[in-house]
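What follows is each chain in one-letter form.
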Protein chains: 2
Amino acid sequence: MDLFGQKNIIIEYWQFFLPLVTIGISLILLNLNRKPDPRESSKPTSKPGAREERDLDPSEIESQKSAREDSNYDEDALTAALEGVAHKPYPGIKVTFPGGVEKFYEMVNDRRSVRKYSKRPVDWKLVEKCIHSAGTGPSGAHTEPWTFCVISDSEIKQQIREIIENEEYTNYAQRMSRQWTTDLQPLRTNYVKEYLTDAPYLVLVFKQAYSMREDGKKKQHYYNEISTAISVGILLCAFQSAGLNSLVTTPLNCGPALRNLLQRPASEKLLVLLPVGYAADDCEIPDLHRKPVEEILVKY
Amino acid sequence: MDLFGQKNIIIEYWQFFLPLVTIGISLILLNLNRKPDPRESSKPTSKPGAREERDLDPSEIESQKSAREDSNYDEDALTAALEGVAHKPYPGIKVTFPGGVEKFYEMVNDRRSVRKYSKRPVDWKLVEKCIHSAGTGPSGAHTEPWTFCVISDSEIKQQIREIIENEEYTNYAQRMSRQWTTDLQPLRTNYVKEYLTDAPYLVLVFKQAYSMREDGKKKQHYYNEISTAISVGILLCAFQSAGLNSLVTTPLNCGPALRNLLQRPASEKLLVLLPVGYAADDCEIPDLHRKPVEEILVKY
């Protein structure tokens, strides 16, 4: 045994190297697995404005992460594309609701979630104008991060129904906590979703996490979920304005399968699915009430 | 050296145990660090409806987790409270937009984000009715998970402005990726936010993660973020219907400080902040265009 022979050191003391190698691999794995903390590298240490930031929820953290970590970034191209945007004087609102917000309230307060649809056809022009209206919503950095897929093809509607019913069956039978199932009880929800084939149209709203610029680089869409959900709020008002019933649903775990079915790109994720049409003659709704304004509004 | 003496085995071969112990600790650390997967314990193995579920985003995972993991759950109390909800026949929509969806589109397409406000007062009744309208939005299991805080007090507005400007200064100077700052360039956003004190009202919209029932137990609000963002879409339509300008902002990292200032409970998190009022006489807006409907609508 020669302690000073290089080859012999490795052979004799491999037991000492092994833990070091293992620790190294573990640290690499830990790091790969860890959610990166966007605040870590740039968190200010003594700025008076810096406050406790620990109770951000995952979507906030996600938004902020995408906003601060950017690969494929070409500032020059982006600046060149955007700095041509001129400003113009704004004369204020020109179009309001006939009758004002009192009448607008009457309209939106008349909206109810409808789970049973007539097969009576709906004029395509109405649906298209509703989607067009939804597209007027605001979005982070004006990215307009939404895609509205509108299905009238009965075979595709049937496929969507099968995907959702299979998954909902699993949800109800195996996955859901007893509480959620109980919460939904007064709404008589179950895994049979006739509205998915009865309603003349299904609208699947996808949020776009990013888009590809002409130069092939990614453009991040900050706050794409909030922006797209806001546009769904405008969509609901549009449906109501057109006399169309709808229902906002969030098919649990079905996003990937539905995205594949509709061949949407990986940048898009399903936010909500809405059947659209006229309520069936024998449609019933739960006799629920909305909170009075004093319960949702706090004055300061 | 006695290979068969227990004590001696450990002393002589500690080099063999060390890597095993290290691997064990690493696995434990990996597991602690990992985001829990709500599907793991109950994932079906051979159900035909079970599909690839791997590209859920964090907010989806969060929603599903809260839906399935429930402490403090008293099914009997919940069932007793809810099973009294009767169903009633639904005669269909009675109130639509005068002029239909074509006119509704004209109204929402007239909306622009306004960053410079007149100090001209706004009738409180208008603002209240807009909030009331927003409260008609749909929500997961009819939880109505939103609180609208409306600020007219000029001292509180000043405090809000200081919180946000300090934080925004830090954002702009230190935190933001160069891309985000560049994306926002055509909107002329910077860390000075005069609208926070100029606008007659600020509306801070909080999403409620849960509420407390009378028996002191938690009621989870599923999909509270999507629901609240949809209600903000309705709110924007309401402001437009009332002839009021607004602006949707998401003050980065300010949620906790603003929640503390307004003394909102821990169950509530800031989603967006909107100044509300009339555009200043010298208000300018970027000459941006919206995507044509063909770019946001896909027919199947």
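Please refer to the structure higher up on the page.
Let me begin by describing the structure that accompanies this report. (Residues numbered from 1 in each chain as written. Chains lettered and ligands numbered in written order. Predicted model: local features only at pLDDT ≥ 70, side-chain atom pairs only at ≥ 80, totals over all residues. Heavy atoms only, no water.)

## Here's the deal with the sheet that holds strand 6 (residues 245-246) of chain A
Hydrogen bonds along the backbone pair up the strands of a sheet, which may run parallel or antiparallel. Where we set the bar: At least two DSSP bridges between two strands are required for those strands to pair. The helix and strand labels rest on DSSP assignments: H or I over at least four residues marks a helix, E over at least two residues marks a strand, and numbering proceeds from the N terminus. Contact definition: two residues touch when any of their heavy atoms are within 4.5 Å. Between N-to-C directions, angles span 0 to 180 degrees; the directions come from axes that are lines fitted to C-alpha atoms, helices contributing only their stretch in contact.
In spatial order, the strands read 6(A)-7(A)-3(A)-2(A)-9(B); together these five strands make up an open sheet with mixed pairing. Either end of the sheet is taken by a strand with one partner, and the two such strands are strand 6 of chain A together with strand 9 (297-299) of chain B. As judged from the eight bridges shared by strand 3 (residues 201-208) of chain A and strand 7 (residues 268-277) of chain A, these two strands associate in the antiparallel manner. Bridge assignment links A:Phe206 to a residue of strand 7 of chain A, and that residue is A:Leu270. Strands in contact with helix 6 (residues 124-134) of chain A are strand 2 (146-151) and strand 3 of chain A together with strand 9 of chain B; relative to strand 2 of chain A, the strand with the most contacts, it is inclined by about 165°.

## Some points on the environment of B:Thr147
Residues and elements named next belong to chain B. Here is the rule we go by: Polar contacts here mean pairs of N or O atoms no more than 3.5 Å apart (in protein, one a potential hydrogen donor and the other a potential acceptor; neighbouring residues in sequence count only if both atoms are side-chain atoms).
With respect to the element layout, Thr-147 can be found in strand 2 (residues 146-151). Here the alpha-carbon distance between Thr-147 and Gly-135, two residues 12 residues apart in the chain, equals 9.1 Å. A polar contact is formed between the side chain of Thr-147 and the side chain of Gln-208, at a distance of 2.8 Å.

## A look at the pairing of strand 7 (residues 268-277) of chain B
Two faces make up the sheet, and in a regular strand the side chains alternate between them. All names here are of chain B. Note the threshold: Throughout this description, buried means an accessible area under 20% of the type-specific maximum (1.4 Å probe, protein chains only), exposed means over 50%, and partly exposed covers the range between.
Among the 10 residues in strand 7, nine count as buried, and that is most of the element. Sheet topology note: the strand 6 (residues 245-246)/strand 7 ladder contains two bridges and is antiparallel. From the neighbouring strand, Ser-246 faces strand 7, where its bridge partner is Val-276.

## A short note on unusual backbone geometry
Residues and elements named next belong to chain A. One non-glycine residue, Ala-141, lies in the positive phi region at around 55°. With respect to the helices and strands, Ala-141 occurs in the loop between helix 6 and strand 2. Judged by relative accessible area, which is 14%, Ala-141 ranks as buried. In this structure, Glu-144 is a non-glycine residue whose phi angle is positive, near 45°. Among the residues examined, Glu-144 registers a relative accessible area of 5% and is labelled buried.

From the geometry alone we can't say anything about function, so treat these as descriptive.
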